[in-house]
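# Results of the structural survey
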Amino acid sequence: MTDETQLTFQNPVTRYPSISPPEQSQQEPGLDLQLDPPADRGEQSYRGTGRLEGRKALITGADSGIGAAVAIAFSREGADVAISYLPAEEEDALRVAELIKGAGRRAVTIPGDLAEATFCSDLVEKAASELGGLDALVNNAGKQIFVEHLEDLTDDQLTATYEVNILAQFRIARAALPHLVPGSTIVNTTSIQAYQPSSHLLDYASTKAAINNFTKGLAQQLAPQGIRVNAVAPGPIWTPLQVSAGQPTEALPSFGQNTPLGRAGQPTELAPAYVFLTSAESSYVVGETLNVNGGSPTP
Ligand code: NAD
Ligand code: MG
């Protein structure tokens with residue numbers, strides 16, 4: 001095989017190693033910098049082909065994990081990118097900003113808490129003013145804290161999970177509308193948990209079902225204006241979310257191994273789905289949820 005063929009023809013079972021992460025925990029929201037083993041966000045591998053040339057994108061939760069992989073990919077496809085994250089994640093965010101700049105694109109960093117309604121609209125205004133417009137929104141930030149028993153789920157957690165995962169998506173999309181011209185796109189991150197809820201993720205999983213529903217409803221509302229709304233539903237992906245109380249620590253060594261591919265996914269494996277749904281080549285794809293989950297059946 002030539003070098004070129006090796007890049008384009010790969011066995012998905014072995015493309016990335018089947019990891020068995022050691023038990024570990026970080027305080028929420030966790031840092032990619034401290035993840036063991038490190039996650040692959042496509043730093044060395046993602047190659048752009050100009051599919052988002054000139055686009056202006058806002059990606060929430062893009063300091064780490066899936067959002068970071070999407071930010072790296074978008075910049076290499078030619079987009080200027082604003083990233084949002086929590087102040088505690090500044091270190092991760094600056095690394096992603098450097099990678100965006102390394103692709104020759106503009107990087108805007110906007111820390112803040114999406115549980116605050118006013119930050120959601122401030123974020124959009126700041127992104128649009130710094131980028132000189134906004135035509136691609138990726139609602140990706142998410143909060144996942146496992147609780148084994150419903151009676152231990154506090155009102156504070158319940159409210160916070162709903163604020164960050166679903167209410168912020170409504171608020172950010174609403175604030176973005178005045179900026180979105182025909183051809184603009186919104187991609188929301190949902191989860192396989194929307195259809196296969198884990199018993200210890202009741203609050204999280206139910207927000208993901210709501211995101212699927214919101215995506216399909218909003219997609220119909222905005223389609224006549226030439227604005228497309230879609231979603232990506234990841235399966236088990238190796239990110240800081242999982243080690244900052246997203247799963248019981250004893251579940252980490254076998255994380256993702258029960259998928260048909262037999263391994264967890266890496267964040268960079270999600271990036272092409274977001275690029276596809278944001279680029280004009282998916283012009284007739286509206287209200288779709290693209291599952292990227294290693295083969296688990298979905299409705
Ligand atoms: P991650 O921890 O790298 O990213 C989540 C990001 O959400 C954080 O980096 C943080 O910046 C942001 N966030 C959380 N609370 C916030 C708040 N209050 N204010 C502002 N930002 C906040 O983990 P990830 O796995 O890449 O998660 C990205 C998305 O993917 C989430 O929506 C998650 O639910 C979804 N998802 C992940 C998996 C998985 O297995 N990792 C599976 C399905 C869906
Ligand atoms: Mg993070």
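Our subject is the structure listed above.
A brief look at the structure comes next. (Residues numbered from 1 in each chain as written. Chains lettered and ligands numbered in written order. Predicted model: local features only at pLDDT ≥ 70, side-chain atom pairs only at ≥ 80, totals over all residues. Heavy atoms only, no water.)

### A look at the overall build of the protein
Stated formally: Under the scheme used here, helices are H or I runs from DSSP no shorter than 4 residues and strands are E runs no shorter than 2 residues, and both carry numbers assigned from the N terminus. Computation of the radius of gyration draws on C-alpha atoms, with the globule rule given as 2.2 Å multiplied by the number of residues to the power 0.38. Burial classes follow relative accessibility: with a 1.4 Å probe on protein chains only, a residue under 20% of its type's maximum area counts as buried, one over 50% as exposed, and anything between as partly exposed. Should any heavy atoms of two residues lie within 4.5 Å, those residues are counted as being in contact. What sets the accessible areas is the Shrake-Rupley method with a 1.4 Å probe; for residues, cover comes only from the shown protein chains. In this charge count, Lys and Arg are treated as positive and Asp and Glu as negative; neither His nor the chain ends contribute. Working definition for charges: the position is that of NZ of Lys, CZ of Arg, CG of Asp or CD of Glu.
Counting its secondary structure elements, the protein contains eight helices and seven strands. A compact globule built from 299 residues would reach a C-alpha radius of gyration of about 19 Å, and the protein, at 18 Å, matches this within 12%. Seen through its C-alpha atoms, the protein measures out along the principal axes to roughly 55 × 45 × 40 Å. Here the protein holds 299 residues, and the buried ones make up 53% of them. In the protein, the share of contacts with a sequence separation of at least 24, taken over all contacts with a separation of at least 6, comes to 78%. Total accessible area on the protein stands at roughly 12800 Å², and carbon and sulfur atoms take up 53% of it. Counting 19 positive and 34 negative side-chain charges, the protein places the averaged centre of each group 10 Å from the other.

### Things to note about the packing of helix α2 (residues 65-76) against helix α8 (residues 271-278)
Note the threshold: A fitted line through C-alpha atoms represents every axis, and for helices the fit uses only the stretch in contact; the resulting angles, taken between N-to-C directions, go from 0 to 180 degrees. Roughly parallel means an angle under 35 degrees; roughly antiparallel means over 145; roughly perpendicular covers 65 to 115; every other angle is labelled oblique. In this scheme, a crossing is called left-handed if the near helix is turned counterclockwise away from the far one by less than a right angle; it is called right-handed if the turn is clockwise. Lys, Arg, Asp and Glu make up the charged group, whereas Ala, Val, Leu, Ile, Met, Phe, Trp, Tyr, Cys and Pro make up the nonpolar group; the residues left over, Gly among them, are polar.
Packing of α2 against α8 leaves a shortest axis separation of 9 Å and a crossing angle of 55°. Put simply, α2 runs oblique to α8. The interaxial crossing formed by α2 with α8 has right-handed handedness. Listed contacts from α8 to Ile66, Ala69, Val70, Ala73 and Phe74 of α2 are Ala271, Tyr274, Val275 and Thr278. Classifying every residue of the contact of α2 with α8 by side-chain character gives eight nonpolar, one polar and no charged.

### A short note on the pattern of salt bridges
Test applied: Just to be clear on terms, a salt bridge is a Lys or Arg side-chain nitrogen sitting within 4 Å of an Asp or Glu carboxyl oxygen.
Summed over all chains, the structure comprises twelve salt bridges. As a salt-bridge pair, Arg41 and Asp32 come within 2.6 Å of each other at their nearest N and O atoms. For Arg41, a relative accessible area of 3% puts it in the buried group. Judged by relative accessible area, which is 5%, Asp32 ranks as buried.

### With respect to the packing of aromatic side chains
Rules: Working definition: a ring pair exists when centres of Phe, Tyr or Trp rings (six-membered ring for Trp) sit within 6.5 Å. Plane angles under 30 degrees give stacked, over 60 give edge-to-face, the rest tilted.
If you walk through the whole model with that rule in mind, you get two aromatic pairs. Note on Phe170 and Phe214: the rings are 4.0 Å apart at their centroids and 25° apart in plane angle, and the pair reads as stacked. You can see Phe170 sitting in helix α5 (residues 155-176) and its partner Phe214 sitting in helix α6 (residues 202-222), a full 44 residues away along the chain. We classify Phe170 as partly exposed; its relative accessible area is 42%. With a centroid separation of 6.2 Å and an interplanar angle of 50°, the aromatic rings of Trp238 and Phe255 are classed as tilted. Taken together, the residues Trp238 in the loop between β6 (228-234) and α7 (240-246) and Phe255 in the loop between α7 and α8 connect sequence positions 17 residues apart.

### A closer look at the nonpolar core
Convention followed: Residue types Ala, Val, Leu, Ile, Met, Phe, Trp, Tyr and Cys, when buried and joined through side-chain atoms within 4.5 Å, form a set referred to as a nonpolar core.
Core analysis: the largest hydrophobic core is formed by 32 residues, its most contacted members being Ile59, Ala71, Phe74, Val81, Ile83, Val232 and Tyr274. Elements represented by at least two residues in this core include exactly β1 (56-60), α2, β2 (80-85), α3 (90-102), β4 (136-139) and α8. With near-sequence residues (within four places) excluded, Val81 lies in contact with Ala57, Ile59, Ala71, Phe74, Ser75, Ile100, Arg106, Ala107, Val108 and Leu131. Counting 30 residues, the second largest nonpolar core, distinct from the first, contains Val108, Leu134, Ile166 and Leu218.

### Quick look at α6
To keep it simple, the criterion reads: Expected span of a helix: the number of residues minus one, times 1.5 Å.
Between its terminal C-alpha atoms α6 stretches 30 Å, which fits the 30 Å expected from 21 residues at 1.5 Å a residue. Taken together, the buried residues of α6 touch α5, β5 (185-189), β6, α7 and β7 (289-292).

### Details of the site of ligand 1
Short version of the rule: We call a residue near a molecule or strand whenever a single non-hydrogen atom of that residue lies within 4 Å of it. Pairs of N or O atoms are called polar contacts if they sit within 3.5 Å, as long as, within protein, a hydrogen donor faces a hydrogen acceptor (for residues adjacent in sequence, only side-chain-to-side-chain pairs).
Taken together, 29 residues form the shell around ligand 1, and within it Ser64, Glu89, Asn140, Tyr204 and Thr239 come nearest. The separation between an oxygen atom of ligand 1 and a polar side-chain atom of Ser64 is 2.6 Å. Protein coverage of the free-state accessible area of ligand 1, which is 800 Å², stands at 97%. Where the shell around ligand 1 is concerned, the elements lending two or more residues are α2, α6 and α7. With three residues, α7 is the largest single contributor of residues to the shell around ligand 1. Each residue belonging to the shell around ligand 1 can be placed in one class, and the counts come to 13 nonpolar, twelve polar and four charged.

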